[in-house]
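# Reading the structure
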Amino acid sequence: MTLFRKKCLYCKKKIEKGKEIFRDVKTPGFIGTKEKAFCCEEHTESYEKEVEEHLKNSKSGGSCCG
């Protein structure tokens, strides 16, 4: 029995211990990258593409930092 299982950042399904795929990814709204768990390689690629699109389409300015 595992008390704390990782969840896939993309699909939110629980991942069995030892089968996680960790990747440093950008989180919108924060500076830098952070290691996150995914259940498969396709979800890591999809997440990175969605974050890139979000960052392209986000408005710059309007805040104290630019």
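Data block above holds the structure.
Residues numbered from 1 in each chain as written. Predicted model: local features only at pLDDT ≥ 70, side-chain atom pairs only at ≥ 80, totals over all residues. Heavy atoms only, no water.

In this description, an aromatic ring pair is defined by two values, namely the gap between the centres and the angle between the planes. Under the defined criterion, the tally for this structure stands at one aromatic pair. An angle of 55° between the planes, with centres 5.6 Å apart, marks the rings of Phe38 and Tyr47 as tilted. A single burial state applies to Phe38 and to Tyr47, both of which are buried. (Phe/Tyr/Trp six-rings, centres within 6.5 Å; stacked < 30°, edge-to-face > 60°. Buried < 20%, exposed > 50% of the residue type's maximum accessible area, 1.4 Å probe, protein only.)

Attention now goes to the nonpolar core. Among the nonpolar cores identified, the biggest contains seven residues, and these are Cys8, Ile15, Val25, Ala37, Phe38, Tyr47 and Val51. Sorting the residues of this core by element identifies strand 4 (33–38) and helix 1 (41–57) as the ones contributing at least two each. If we skip the residues at most four places from it in the chain, Cys8 touches Lys13, Ile15, Ala37, Phe38, Cys39 and His43. (Core = buried A, V, L, I, M, F, W, Y, C linked by side-chain atoms within 4.5 Å. Helix = DSSP H or I, 4+ residues; strand = E, 2+ residues; numbered from the N terminus. Contact = heavy atoms within 4.5 Å.)

The next subject is the pattern of salt bridges. What the rule picks out here adds up to three salt bridges. The salt bridge partner of Glu41 is Arg23, with a shortest N-O separation of 2.4 Å. In this pair, Glu41 is assigned in helix 1 and Arg23 in strand 3 (residues 21–26), connecting sequence segments 18 residues apart. On the basis of relative accessible area, Arg23 is assigned to the partly exposed category, the value being 25%. Between Glu48 and Arg23 there is a salt bridge, with the nearest N and O atoms lying 3.4 Å from each other. Residue Glu48 is located in helix 1, and its partner Arg23 is located in strand 3; the two are separated by 25 residues in the primary sequence. Among the charged side chains, a salt-bridge network with shared partners connects Arg23, Glu41 and Glu48. (Salt bridge = Lys/Arg side-chain N within 4 Å of Asp/Glu carboxyl O.)

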